[in-house]
Amino acid sequence: MLIVQKFGGTSVANRERIFAVARLIAQAAKMGAQVVAVVSAQGDMTDELIERAIAINPRASAREMDAYLATGEQMSVGLLAMALEKLGYSAVTLTGWQAGLETDSVYGNARILRLGSDRIVRELEGGKIVLVTGFQGWNEAGDITTLGRGGSDTTAVALAAFLHADLCKIYTDVDGVYDCDPRNNPNAMKFDWLSYEKMRRLIAGGAQVLHDRSVEMAQQHGIAIEVLSSFTGNPGTIVCSETRRGD
Ligand code: ADP
Ligand code: ASP
Ligand code: MG
């Protein structure tokens, strides 16, 4: 059993949250699964990095911005690996380029093209929990690229597709997908499941709970995504095709 888990910024925002996420990962590993966890930058780190860059040069080149912004995710996987080590688990961190995530050269909004390395598989076979930085890859020039805001979801789905994962769980700070943003609408209704098409319509209408390209990629490869909370044990929302739902 191979599981891809993804943890967003709020889920790893501080020390306590890092350990909570480490325990979720450890739980899956303890049950015998091979685990690949994709991690976002902590809390509002990416926004803060952008602010700091703008204060230096509001017209910084896209290439430099990408190399710089990719560091947020490098910090969070590092801390998570240290937490797992502390809990007695053996984890290895891989950046987008170490993991072999090849993208096109549209800096700031790059598209994942392929997984050009077997490094993740080798690490899993060596018994490691693999922690991959979300939101980034590398292009044919050998440069770091980023996938656009919210792009860690797409990293997770791409890895689930390339690795033929059995499960792709997107952990976030709400316990699933609702018909409108549950933070602003106390009467929002949660979906147990919804189709790729419906999810894409929600995103087009402004629901930024998933990166649009992650759903596009999931649909293309027939990957069922579960969106769930890293804060509660509640079951989440499954995003899949009509036919898969009947399985
Ligand atoms: P993460 O950092 O985990 O990637 P995001 O902030 O990208 O999390 O996405 C989760 C947020 O999406 C929630 O906190 C919620 O406010 C917002 N959201 C907007 N629309 C919806 C919706 N229809 N269903 C669920 N969450 C939604
Ligand atoms: N850290 C990036 C962002 O804030 C990517 C992500 O969180 O998915 O957009
Ligand atoms: Mg997100």
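What comes next is a walk through the structure. (Residues numbered from 1 in each chain as written. Chains lettered and ligands numbered in written order. Predicted model: local features only at pLDDT ≥ 70, side-chain atom pairs only at ≥ 80, totals over all residues. Heavy atoms only, no water.)

1. Concerning the sheet that holds strand 1 (residues 2-7)
Test applied: At least two bridges found by DSSP between two strands are what make those strands a pair. Only DSSP runs of H or I with at least four residues qualify as helices, and only runs of E with at least two residues qualify as strands; both kinds are numbered from the N terminus onward. Lines fitted to C-alpha atoms define the axes, with helix axes restricted to the stretch in contact, and inter-axis angles between N-to-C directions lie between 0 and 180 degrees.
Taken together, the eight strands give an open sheet; going across it, the order is 3-6-2-1-9-11-12-10, and neighbouring strands pair in mixed fashion. Edge positions in the sheet fall to strand 3 (91-94) and strand 10 (193-195), since each has one partner strand and no second. Neighbour to neighbour, the strand axes of the sheet diverge by 20° on average, direction disregarded. In the sheet, strand 11 (residues 225-229) pairs with strand 12 (residues 237-240) via three bridges, with the strands oriented antiparallel.

2. Comments concerning the pairing of strand 12
It is a general feature of regular strands that their side chains alternate between the two faces of the sheet. Both strand 10 and strand 12 contribute to a ladder of three bridges, which runs parallel. Its bridge partner being in strand 12, W193 is matched across the sheet by I238.

3. Examining the pairing of strand 6 (residues 129-133)
To be explicit about the condition: Exposure categories follow from relative accessible area, calculated using a 1.4 Å probe and restricted to protein chains: below 20% of the type maximum is buried, above 50% is exposed, and the middle band is partly exposed.
Burial of strand 6 is extensive: five of the five residues sit out of reach of the surface. The side-chain alternation of strand 6 yields two buried faces, one formed by I129, L131 and T133 and the other by V130 and V132. Across four bridges, strand 2 (residues 34-39) lies against strand 6 in parallel orientation. From the neighbouring strand, A37 faces strand 6, where its bridge partner is L131. Bridge count between strand 3 and strand 6: four bridges; the pairing is parallel. Across the sheet, V92 pairs through a bridge with V130, a residue of strand 6.

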